[in-house]
Amino acid sequence: MNARSNSVEVMTTASRRRIPEAAVIRLPLYLRILNDLSADNCTQISSDQLAVLAGQNAAKVRKDLSYLGSYGTRGVGYDVSYLLYQIQRELGLNKSWPVVIVGAGNLGQALGNYGGLSERGFVVAAVVDSDPSKVGSVAGGVRVSHVDDLPLIVQSKGVSIGIIAVPAQYAQSAADLLVRAGVGSILNFAPIILNLPAEIHIRKVDMALELQILSYHEQCRMDARGVAVVSDPESVIA
Ligand code: NAI
(Lines give C-alpha, C1' and ligand atoms only; values in the text may rest on other atoms or scores of the structure.)
Protein backbone atom coordinates (compact mmCIF):
# COMPACT_ATOMS: atom_id res chain seq x y z
CA MET A 1 0.00 0.00 0.00
CA ASN A 2 1.27 3.40 -0.89
CA ALA A 3 2.12 5.46 2.19
CA ARG A 4 -0.01 8.32 0.92
CA SER A 5 -3.29 6.43 1.20
CA ASN A 6 -4.65 4.91 4.37
CA SER A 7 -7.35 2.69 3.06
CA VAL A 8 -7.73 0.24 0.25
CA GLU A 9 -10.65 -0.15 -2.05
CA VAL A 10 -11.91 -3.68 -1.99
CA MET A 11 -14.28 -4.53 -4.79
CA THR A 12 -16.64 -7.43 -4.82
CA THR A 13 -19.08 -8.43 -7.48
CA ALA A 14 -21.92 -7.52 -5.14
CA SER A 15 -20.68 -4.21 -3.79
CA ARG A 16 -17.87 -1.72 -3.47
CA ARG A 17 -16.81 -0.81 0.03
CA ARG A 18 -13.70 0.50 1.64
CA ILE A 19 -11.94 -1.50 4.30
CA PRO A 20 -9.34 0.31 6.40
CA GLU A 21 -5.80 -0.74 5.50
CA ALA A 22 -5.10 -1.85 9.09
CA ALA A 23 -7.98 -4.33 8.84
CA VAL A 24 -6.93 -5.51 5.35
CA ILE A 25 -3.48 -6.34 6.75
CA ARG A 26 -5.07 -8.59 9.41
CA LEU A 27 -7.32 -10.50 7.01
CA PRO A 28 -4.53 -12.77 5.67
CA LEU A 29 -3.65 -13.60 9.27
CA TYR A 30 -7.24 -14.66 10.00
CA LEU A 31 -7.22 -16.57 6.72
CA ARG A 32 -4.16 -18.58 7.73
CA ILE A 33 -5.63 -19.40 11.15
CA LEU A 34 -8.99 -20.39 9.65
CA ASN A 35 -7.27 -22.61 7.08
CA ASP A 36 -5.47 -24.42 9.92
CA LEU A 37 -8.73 -24.77 11.87
CA SER A 38 -10.52 -26.07 8.82
CA ALA A 39 -7.76 -28.65 8.25
CA ASP A 40 -8.35 -29.77 11.86
CA ASN A 41 -12.09 -30.17 11.08
CA CYS A 42 -13.04 -27.23 13.31
CA THR A 43 -16.35 -25.83 12.02
CA GLN A 44 -17.12 -22.95 14.43
CA ILE A 45 -15.00 -20.32 16.14
CA SER A 46 -15.83 -17.45 18.47
CA SER A 47 -14.32 -14.00 18.07
CA ASP A 48 -12.62 -14.51 21.46
CA GLN A 49 -10.91 -17.70 20.24
CA LEU A 50 -9.91 -16.13 16.93
CA ALA A 51 -8.57 -13.09 18.79
CA VAL A 52 -6.35 -15.25 21.00
CA LEU A 53 -5.00 -17.17 18.00
CA ALA A 54 -4.37 -13.94 16.07
CA GLY A 55 -2.87 -12.07 19.04
CA GLN A 56 -5.54 -9.35 18.72
CA ASN A 57 -8.32 -8.18 20.95
CA ALA A 58 -11.78 -9.63 20.35
CA ALA A 59 -13.46 -6.27 19.69
CA LYS A 60 -10.97 -5.56 16.90
CA VAL A 61 -11.55 -9.00 15.39
CA ARG A 62 -15.33 -8.48 15.44
CA LYS A 63 -14.91 -5.06 13.84
CA ASP A 64 -12.61 -6.46 11.14
CA LEU A 65 -15.04 -9.25 10.33
CA SER A 66 -17.97 -6.84 10.26
CA TYR A 67 -16.36 -5.18 7.21
CA LEU A 68 -16.99 -8.49 5.43
CA GLY A 69 -20.63 -8.40 6.49
CA SER A 70 -19.91 -11.18 8.98
CA TYR A 71 -21.28 -10.76 12.50
CA GLY A 72 -21.26 -14.32 13.88
CA THR A 73 -24.05 -15.86 15.95
CA ARG A 74 -24.27 -15.10 19.66
CA GLY A 75 -23.16 -18.12 21.67
CA VAL A 76 -22.09 -20.02 18.52
CA GLY A 77 -19.54 -17.78 16.85
CA TYR A 78 -18.58 -17.82 13.20
CA ASP A 79 -18.89 -20.61 10.67
CA VAL A 80 -15.25 -21.37 9.75
CA SER A 81 -15.82 -22.36 6.14
CA TYR A 82 -18.12 -19.40 5.42
CA LEU A 83 -15.66 -17.00 7.03
CA LEU A 84 -12.88 -18.52 4.92
CA TYR A 85 -14.97 -17.98 1.81
CA GLN A 86 -15.75 -14.38 2.78
CA ILE A 87 -12.11 -13.46 3.47
CA GLN A 88 -10.90 -15.14 0.27
CA ARG A 89 -13.58 -13.33 -1.72
CA GLU A 90 -12.75 -9.98 -0.12
CA LEU A 91 -9.00 -10.40 -0.74
CA GLY A 92 -9.62 -11.43 -4.34
CA LEU A 93 -8.20 -14.90 -3.69
CA ASN A 94 -10.98 -16.78 -5.43
CA LYS A 95 -9.07 -16.29 -8.67
CA SER A 96 -5.43 -16.70 -9.58
CA TRP A 97 -3.12 -13.73 -10.02
CA PRO A 98 -0.27 -13.84 -12.53
CA VAL A 99 2.82 -12.14 -11.06
CA VAL A 100 6.12 -11.14 -12.65
CA ILE A 101 9.43 -11.30 -10.78
CA VAL A 102 12.03 -8.70 -11.77
CA GLY A 103 15.50 -10.07 -11.02
CA ALA A 104 16.51 -13.69 -11.49
CA GLY A 105 19.27 -13.70 -8.87
CA ASN A 106 19.36 -15.59 -5.58
CA LEU A 107 16.13 -14.12 -4.28
CA GLY A 108 14.24 -14.05 -7.59
CA GLN A 109 15.00 -17.72 -8.16
CA ALA A 110 14.06 -18.66 -4.59
CA LEU A 111 10.76 -16.79 -4.91
CA GLY A 112 10.08 -18.36 -8.28
CA ASN A 113 10.61 -21.80 -6.81
CA TYR A 114 8.56 -21.10 -3.69
CA GLY A 115 5.53 -23.38 -3.86
CA GLY A 116 3.65 -21.22 -1.36
CA LEU A 117 2.95 -18.66 -4.09
CA SER A 118 1.06 -20.97 -6.40
CA GLU A 119 -0.67 -22.66 -3.43
CA ARG A 120 -2.17 -19.28 -2.63
CA GLY A 121 -3.16 -18.50 -6.20
CA PHE A 122 -0.16 -16.42 -7.31
CA VAL A 123 1.16 -17.84 -10.55
CA VAL A 124 4.66 -16.81 -11.62
CA ALA A 125 3.86 -15.73 -15.17
CA ALA A 126 7.40 -14.55 -15.87
CA VAL A 127 10.81 -13.86 -14.40
CA VAL A 128 12.82 -11.11 -16.12
CA ASP A 129 16.42 -10.01 -15.79
CA SER A 130 18.69 -7.46 -17.43
CA ASP A 131 21.69 -9.81 -17.53
CA PRO A 132 21.76 -11.55 -20.95
CA SER A 133 23.58 -14.54 -19.38
CA LYS A 134 20.50 -15.21 -17.20
CA VAL A 135 18.01 -14.96 -20.07
CA GLY A 136 16.90 -18.43 -21.15
CA SER A 137 17.75 -20.06 -17.83
CA VAL A 138 14.89 -21.55 -15.82
CA ALA A 139 13.64 -20.01 -12.58
CA GLY A 140 10.42 -20.98 -10.88
CA GLY A 141 9.52 -23.33 -13.70
CA VAL A 142 9.59 -20.52 -16.25
CA ARG A 143 12.27 -19.45 -18.68
CA VAL A 144 13.87 -16.12 -17.72
CA SER A 145 13.03 -13.36 -20.19
CA HIS A 146 14.89 -10.14 -20.87
CA VAL A 147 13.63 -7.15 -18.90
CA ASP A 148 13.06 -5.30 -22.19
CA ASP A 149 10.20 -7.73 -22.83
CA LEU A 150 8.44 -6.74 -19.60
CA PRO A 151 5.77 -4.46 -21.18
CA LEU A 152 4.81 -7.18 -23.64
CA ILE A 153 4.72 -9.84 -20.90
CA VAL A 154 2.59 -7.70 -18.58
CA GLN A 155 0.08 -6.99 -21.34
CA SER A 156 -0.07 -10.47 -22.85
CA LYS A 157 -0.28 -12.33 -19.52
CA GLY A 158 -2.54 -9.84 -17.77
CA VAL A 159 -0.03 -9.24 -14.96
CA SER A 160 -1.10 -6.70 -12.34
CA ILE A 161 1.36 -7.54 -9.53
CA GLY A 162 5.13 -7.18 -9.83
CA ILE A 163 7.80 -8.43 -7.44
CA ILE A 164 11.10 -6.53 -7.26
CA ALA A 165 14.16 -8.67 -6.52
CA VAL A 166 16.96 -6.53 -7.94
CA PRO A 167 19.78 -4.73 -6.08
CA ALA A 168 18.62 -1.53 -4.34
CA GLN A 169 20.26 0.82 -6.84
CA TYR A 170 18.19 -0.65 -9.68
CA ALA A 171 14.91 -1.02 -7.79
CA GLN A 172 13.46 2.42 -8.63
CA SER A 173 14.03 1.97 -12.36
CA ALA A 174 12.59 -1.56 -12.17
CA ALA A 175 9.53 -0.16 -10.36
CA ASP A 176 9.12 2.63 -12.93
CA LEU A 177 9.30 0.06 -15.69
CA LEU A 178 6.66 -2.10 -14.00
CA VAL A 179 4.35 0.90 -13.62
CA ARG A 180 4.84 1.99 -17.24
CA ALA A 181 4.05 -1.57 -18.29
CA GLY A 182 0.70 -1.35 -16.47
CA VAL A 183 1.30 -3.11 -13.15
CA GLY A 184 -0.83 -1.67 -10.32
CA SER A 185 0.74 -3.34 -7.26
CA ILE A 186 4.36 -3.97 -6.32
CA LEU A 187 5.95 -6.18 -3.70
CA ASN A 188 9.40 -4.72 -3.10
CA PHE A 189 12.19 -6.80 -1.55
CA ALA A 190 14.96 -4.27 -2.23
CA PRO A 191 16.05 -2.20 0.77
CA ILE A 192 14.98 1.14 -0.67
CA ILE A 193 11.88 3.33 -0.46
CA LEU A 194 10.25 3.56 -3.86
CA ASN A 195 8.81 6.78 -5.17
CA LEU A 196 5.74 5.91 -7.23
CA PRO A 197 2.40 7.43 -8.20
CA ALA A 198 -0.17 7.42 -5.38
CA GLU A 199 -2.43 4.95 -7.18
CA ILE A 200 0.26 2.23 -7.14
CA HIS A 201 -0.01 -0.11 -4.16
CA ILE A 202 3.35 -0.98 -2.63
CA ARG A 203 4.23 -3.55 0.01
CA LYS A 204 7.76 -3.97 1.27
CA VAL A 205 9.50 -7.00 2.72
CA ASP A 206 12.70 -6.29 4.62
CA MET A 207 14.15 -9.15 6.63
CA ALA A 208 17.06 -7.04 7.92
CA LEU A 209 14.65 -4.41 9.23
CA GLU A 210 12.66 -7.08 11.08
CA LEU A 211 15.88 -8.41 12.61
CA GLN A 212 16.81 -4.90 13.74
CA ILE A 213 13.48 -4.69 15.60
CA LEU A 214 14.20 -8.06 17.22
CA SER A 215 17.69 -6.91 18.16
CA TYR A 216 16.11 -3.93 19.97
CA HIS A 217 13.94 -6.32 22.03
CA GLU A 218 16.89 -8.58 22.78
CA GLN A 219 18.88 -5.55 23.89
CA CYS A 220 16.02 -4.48 26.22
CA ARG A 221 15.94 -8.03 27.64
CA MET A 222 19.67 -7.89 28.31
CA ASP A 223 19.37 -4.42 29.86
CA ALA A 224 16.64 -5.71 32.17
CA ARG A 225 18.91 -8.56 33.26
CA GLY A 226 21.69 -6.07 33.93
CA VAL A 227 23.94 -7.60 31.29
CA ALA A 228 26.53 -5.03 30.27
CA VAL A 229 26.57 -4.46 26.52
CA VAL A 230 29.98 -3.33 25.34
CA SER A 231 29.26 -0.88 22.61
CA ASP A 232 31.84 -0.40 19.90
CA PRO A 233 31.09 2.77 17.88
CA GLU A 234 32.91 1.22 14.91
CA SER A 235 30.48 -1.67 14.80
CA VAL A 236 27.25 0.37 14.65
CA ILE A 237 25.42 -0.40 11.42
CA ALA A 238 22.84 1.95 9.94
P1 NAI B 1 21.43 -11.02 -6.91
O2 NAI B 1 22.59 -10.13 -7.20
O3 NAI B 1 21.66 -12.46 -6.69
O4 NAI B 1 20.34 -10.88 -8.06
C5 NAI B 1 19.91 -9.65 -8.56
C6 NAI B 1 19.47 -9.88 -9.99
O7 NAI B 1 18.86 -8.67 -10.47
C8 NAI B 1 20.62 -10.20 -10.96
O9 NAI B 1 20.31 -11.37 -11.68
C10 NAI B 1 20.70 -8.98 -11.84
O11 NAI B 1 21.14 -9.30 -13.15
C12 NAI B 1 19.28 -8.50 -11.83
N13 NAI B 1 19.09 -7.10 -12.18
C14 NAI B 1 19.85 -6.02 -11.85
N15 NAI B 1 19.31 -4.91 -12.34
C16 NAI B 1 18.19 -5.26 -13.00
C17 NAI B 1 17.21 -4.54 -13.71
N18 NAI B 1 17.24 -3.21 -13.84
N19 NAI B 1 16.20 -5.23 -14.29
C20 NAI B 1 16.15 -6.58 -14.17
N21 NAI B 1 17.05 -7.32 -13.52
C22 NAI B 1 18.06 -6.66 -12.91
O23 NAI B 1 20.73 -10.36 -5.63
P24 NAI B 1 19.77 -11.09 -4.57
O25 NAI B 1 20.56 -11.67 -3.48
O26 NAI B 1 18.81 -11.96 -5.32
O27 NAI B 1 18.99 -9.84 -3.95
C28 NAI B 1 18.08 -9.11 -4.76
C29 NAI B 1 17.45 -7.98 -3.94
O30 NAI B 1 16.68 -8.53 -2.90
C31 NAI B 1 18.46 -7.06 -3.29
O32 NAI B 1 17.96 -5.75 -3.32
C33 NAI B 1 18.55 -7.56 -1.87
O34 NAI B 1 18.94 -6.56 -0.96
C35 NAI B 1 17.11 -7.97 -1.65
N36 NAI B 1 16.88 -8.97 -0.63
C37 NAI B 1 15.87 -8.73 0.24
C38 NAI B 1 15.55 -9.64 1.20
C39 NAI B 1 14.41 -9.30 2.10
O40 NAI B 1 14.20 -9.94 3.11
N41 NAI B 1 13.64 -8.33 1.76
C42 NAI B 1 16.28 -10.88 1.38
C43 NAI B 1 17.30 -11.08 0.38
C44 NAI B 1 17.58 -10.16 -0.58
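It should be noted that the structure appears before, not after, this text.
A few points on the structure.

Thresholds, definitions, all that
- Residues numbered from 1 in each chain as written.
- Predicted model: local features only at pLDDT ≥ 70, side-chain atom pairs only at ≥ 80, totals over all residues.
- Heavy atoms only, no water.
- Helix = DSSP H or I, 4+ residues; strand = E, 2+ residues; numbered from the N terminus.
- Buried < 20%, exposed > 50% of the residue type's maximum accessible area, 1.4 Å probe, protein only.
- Contact = heavy atoms within 4.5 Å.
- Areas by Shrake-Rupley, 256 points an atom, 1.4 Å probe, with all protein chains shown as cover.
- Pairing = 2+ DSSP bridges.
- Near = heavy atom within 4 Å.
- Polar contact = N/O pair within 3.5 Å; in protein donor to acceptor, adjacent residues only side chain to side chain.
- Nonpolar A, V, L, I, M, F, W, Y, C, P; charged D, E, K, R; others polar.
- Core = buried A, V, L, I, M, F, W, Y, C linked by side-chain atoms within 4.5 Å.
- Arc of directions from axis to C-beta.
- Expected span 1.5 Å × (residues − 1).
- Axes fitted to C-alpha atoms, helices over the stretch in contact; angles between N-to-C directions.
- Parallel < 35°, antiparallel > 145°, perpendicular 65-115°, else oblique.
- Left-handed = near helix turned anticlockwise from the far one by under 90°.

The next thing to look at is the overall build of the protein. The number of helices and strands found in the protein is nine helices and twelve strands. Here the protein holds 238 residues, and 36% of them are scored as buried. Of all intrachain contacts in the protein linking residues separated by at least 6 positions in sequence, the fraction that spans at least 24 positions is 54%. Summing over all exposed atoms, the protein offers an accessible surface of approximately 14,100 Å²; the carbon and sulfur share of this is 56%.

Pairing is parallel in the open sheet, where six strands are placed in the order β9-β6-β5-β10-β11-β12. Strand pairing shows two members of the sheet lacking a second neighbour, β9 (145–146) and β12 (201–204), which therefore form its edges. One ladder, built from six bridges, connects strand β5 (residues 97–102) with strand β6 (residues 122–129); its direction is parallel. In the sheet register, proline 98 faces β6, and the bridge partner there is valine 123.

If you check the shell around the ligand, you find 22 residues, and the closest are Leu107, Asp129, Lys134, Val166 and Val205. Residue asparagine 106 places a main-chain N or O atom 3.0 Å away from an oxygen atom belonging to the ligand. Between an oxygen atom of the ligand and a side-chain N or O atom of aspartate 129, the distance comes to 2.6 Å. Burial of the ligand by the protein chains amounts to 75% of its free accessible area of 860 Å². Taken together, the residues that form the shell around the ligand break down as 14 nonpolar, four polar and four charged.

Ranked by size, the top nonpolar core spans 24 residues in total, and within it Ile164, Leu178, Ile186 and Leu194 carry the most contacts. At the level of secondary structure, the elements contributing two or more residues to this core comprise β5, β6, α7 (150–157) and α8 (168–181). Among the elements that line this core, the one with the most residues is α8, at five residues. Once you skip the residues sitting within four places of it in the chain, isoleucine 186 turns out to touch Gly162, Ile164, Ala175, Leu178, Val179, Leu194, Leu196, Ile200, His201, Ile202 and Arg203.

So, on to helix α4 (residues 80–90). Considered for burial, the residues of α4 that qualify are Val80, Leu83, Leu84, Gln86, Ile87 and Glu90. One side of α4 holds all its buried residues, which, seen down the axis, span an arc of 165 degrees.

A few words on unusual backbone geometry. Even without a glycine there, the phi angle at asparagine 41 is positive, about 65 degrees. For asparagine 41, the position within the fold is in the loop between α1 (21–39) and β3 (44–45).

In this model α1 runs 28 Å from its N-terminal to its C-terminal C-alpha over 19 residues, within 8% of the 27 Å that 1.5 Å per residue would give. Every buried residue of α1 is accounted for by Glu21, Ala23, Val24, Arg26, Leu27, Tyr30, Leu31, Ile33, Leu34 and Leu37.

Attention shifts here to the side chain of serine 66. Summarising the element assignment, serine 66 is placed in helix α3 (residues 58–66). For serine 66, a relative accessible area of 17% puts it in the buried group. Among the polar contacts listed, one links the side chain of serine 66 to the backbone oxygen of lysine 63, at a separation of 2.6 Å.

What follows is about the packing of α7 against α8. At a minimum axis separation of 9 Å, α7 and α8 run at an interaxial angle of 45 degrees. When the axis of α7 is compared with that of α8, the two are oblique. The handedness of the crossing between α7 and α8 is right-handed. When α7 is examined against α8, the residues Leu150, Pro151, Val154 and Gln155 are found in contact with a partner set consisting of Leu177, Leu178 and Ala181.

Counting buried positions over the six residues of β5 gives five, a clear majority of the element. Here β5 runs beside strand β10 (residues 161–164); their pairing, made up of four bridges, is parallel. When the sheet's bridge partners are listed, valine 102 is paired in β10 with isoleucine 164.

Before going further, it helps to examine the packing of α1 against α4. Running from N to C, α1 and α4 cross one another at 145 degrees; their axes reach a closest spacing of 10 Å. Crossing of α1 over α4 shows left-handed handedness. Between α1 and α4, the contacting residues are Leu27, Tyr30, Leu31, Leu34, Asn35 and Ser38 on the first element and Val80, Leu83, Leu84, Ile87 and Gln88 on the second. When the residues that make up the contact of α1 with α4 are grouped by side-chain class, the tally is eight nonpolar, three polar and no charged.

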